[in-house]
Amino acid sequence: MEHHNLSSLMTTKNDKIRFRVRQMTNEDVPTVLEIWAKNNLHEGTHTIQSFMIQDPEGFIVAEQINDSDDLDGNPSQTIGNASIIGMCVGIFVHPTIAFIGMYGVQPELHGRGIGLAMWRKMLDHVGSLNAGLYAVPEHLTMYRDRAGFHQPDDRMLIIYESDESDQLNVDILVPSIPETKIQRITTEWYSKVIDYDAQVHGYIRAKLLPHVFTEEGSIAFVASDTTGQRIFGYGCMRTNNIGKAMIGPLYANNGAVAELLMRYLFSRLSTPFGKGLLYMTLDSNHGGQLIADKLCLKQQEKIQRFFRFQPYEGADWNREFKSFDFLSNITLLASSKLNRWRHG
Ligand SMILES: CC(C)(COP(=O)(O)OP(=O)(O)OC[C@H]1O[C@@H](n2cnc3c(N)ncnc32)[C@H](O)[C@@H]1OP(=O)(O)O)[C@@H](O)C(=O)NCCC(=O)NCCS
């Protein structure tokens, strides 16, 4: 296969591993998800593909070259015997602000310069525009002091989780609201839901959202008045690379609508949270935290996001119950080490 954006061949210092970086393809995704899981990080099983349609050039992988041939003289040659050893993503879902994440290298190959090579390639795409990322505590100083992400955002992302053994009592969630209907997001709903989403985000995500609504293994519901004219919220749920359910995006006008949407999502997901649930909300969103408390979810971690320049202020944070936007899109982009306390 012809690969885009192929770099020249690089060699690690001590063990002479030969690798190059290039744009990610759909075929790379299963390996990328495996590497992500080996680093104790979680991602929706089909979320990468949705976002790759939005901004393919921002998806970078490193591949180890196993061939013995000397490829130096022919950098555009495609490689027969190569294996993916890392990935880094920096994409624009906002017109002028990129979000960076999925930065990971095969654990046994950490510390050899592979990450930084991918990071640089990713920055070729982001250029000098603003960008945000989530910084896990162990890499916070690297991002802030060495990568130029000096500007902390006031809000923290809270990560909650339930396990296989936890009995989630979803019956405690709001069962119905007068004059409110919940329906699956079918194509007829797209324009209304995309408009609603734009009110939350401050910009239109018309290219991305149809893919998010139809991702394999995911479901999506909208809450509206009985005529379907006014939208009160919408939400999606999917499974991730370790078999847990993840909620997001989920935006609602108030906590009752968020709960009702969630109740539908829980009951309709074809593989309902067999291995547990991951749930994320911002610390500025009290409604989101109340739902977590109601479901007795365990708070695992709080992580902060950093920007190169001024943090993005165009979003309506009060409507964000589960994070899945370009700034808090943990399912694809955030660099949270979910579950590392268990698998690490
Ligand atoms: C973080 C990670 C991707 C870095 O990849 P790596 O190949 O191990 O890193 P490199 O060998 O390229 O790093 C070389 C040097 O550049 C630094 N560096 C790495 N990425 C950098 C960046 N984006 N900006 C500035 N410096 C960076 C490293 O700290 C290291 O510095 P040192 O030589 O002073 O120790 C990798 O360690 C990893 O997969 N960690 C687990 C997953 C994870 O935590 N991801 C990030 C979540 S926020």
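Nothing here was measured: the structure is a model prediction, and the numbers come from that model. (Residues numbered from 1 in each chain as written. Predicted model: local features only at pLDDT ≥ 70, side-chain atom pairs only at ≥ 80, totals over all residues.)

What about the overall build of the chain?
Counting its secondary structure elements, the chain contains nine helices and 14 strands. Counting the 344 residues in the chain, one finds 47% classified as buried. Considering only contacts in the chain between residues 6 or more positions apart, those separated by 24 or more positions represent 74%. (Helix = DSSP H or I, 4+ residues; strand = E, 2+ residues; numbered from the N terminus. Buried ≥ 20, exposed ≤ 12 C-beta atoms within 10 Å, placed from the backbone. Contact = placed C-beta atoms within 7 Å.)

Thoughts on unusual backbone geometry
Across the junction of G248 and P249, the peptide omega takes the value -5°, indicating a cis bond. Structurally, P249 can be placed in strand β11 (residues 245-252). In this structure, K16 takes a positive phi of about 55° despite not being glycine. Position of K16 relative to the elements: it lies in the loop between β1 (10-11) and β2 (18-23). Residue class for K16 comes out exposed when judged on the 7 C-beta atoms lying within 10 Å of it. With a phi close to 60°, N40 is a non-glycine residue in the positive phi region. Within the secondary structure layout, N40 lies in the loop between α1 (29-38) and α2 (47-54).

Some details on the pairing of strand β5 (residues 97-105)
The element β5 is extensively covered by neighbouring structure, given that nine of its nine residues are classed as buried. Note: strand β4 (residues 82-92) against β5, six bridges, orientation antiparallel. Its bridge partner being in β5, G90 is matched across the sheet by I100. Here β4 hands over to β5 after four residues, the two strands then running antiparallel side by side. One ladder, built from four bridges, connects β5 with strand β6 (residues 130-135); its direction is parallel. Note on β6: the bridge partner recorded for A98 is A131. The parallel pair β5 and β6, bridged by helix α3 (residues 114-126), forms a crossover whose chirality is right-handed. (Pairing = 2+ DSSP bridges. Right-handed = clockwise from strand over helix to strand, strands pointing away.)

What to know about α2
Taken as a whole, α2 has its buried residues at T47, I48, S50, F51 and M52. In this structure, the buried side of α2 is in contact with α1, β3 (59-65), β4, α6 (209-213) and β10 (231-239).

Description of the nonpolar core
The biggest cluster of nonpolar side chains holds 90 residues, and the ones touching the most others in it are I60, M87, F221, Y234 and L261. For this core, the leading source of residues is helix α7 (residues 255-268), giving eight residues. If you count residues domain by domain, this core takes at least three from each of domain 1 (10-153) and domain 2 (155-324). Leave out the neighbours within four places in its chain, and F221 touches I182, Q183, R184, I185, Y234, G235, L261, Y264 and L265. (Core = buried A, V, L, I, M, F, W, Y, C linked by C-beta atoms within 7 Å. Domains from an automatic or database assignment.)

Notes on the environment of K294
With respect to the secondary-structure elements, K294 resides in helix α8 (residues 286-294). Here K294 falls in the partly exposed class, since 15 other C-beta atoms lie within 10 Å of it. Here the alpha-carbon distance between K294 and I172, two residues 122 residues apart in the chain, equals 7.4 Å.

Here we look at the packing of α7 against α8
Contact geometry of α7 with α8 gives a least axis separation of 10 Å together with a crossing angle of 45°. Here α8 runs oblique to α7, going by the angle between their axes. The hand of the α7/α8 crossing is right-handed. The segment α7 lies against α8, with G255, A258, E259 and M262 engaging G287, L290 and I291. Across the contact of α7 with α8, the residue classes tally to four nonpolar, two polar and one charged. (Axes fitted to C-alpha atoms, helices over the stretch in contact; angles between N-to-C directions. Parallel < 35°, antiparallel > 145°, perpendicular 65-115°, else oblique. Left-handed = near helix turned anticlockwise from the far one by under 90°. Nonpolar A, V, L, I, M, F, W, Y, C, P; charged D, E, K, R; others polar.)

Structural notes on the environment of Q151
Structurally, the position occupied by Q151 is in strand β7 (residues 151-163). Linking Q151 and R305, residues 154 residues apart in sequence, is a C-alpha distance of 8.5 Å. Those residues in contact with Q151 that lie beyond four places of it in its chain are F306, F307, R308, F309, Q310 and P311.

With respect to the confidence of the model for the chain
Chain-level statistics for the chain give a pLDDT mean of 84 and a share of 85% at 70 or above. Summarising per-element confidence for the chain, the mean pLDDT is lowest in helix α9 (residues 340-343) (30) and highest in strand β8 (residues 181-184) (98). Scored below 50 in pLDDT, residues 323-344 makes 75 contacts in the model with residues more than four places away or belonging to other chains. (pLDDT = per-residue confidence, 0-100.)

Structural notes on the environment of S165
You can see S165 is positioned in the loop between β7 and β8. Considering only alpha carbons, one finds S165 and G276, 111 residues apart in sequence, at a separation of 7.9 Å.

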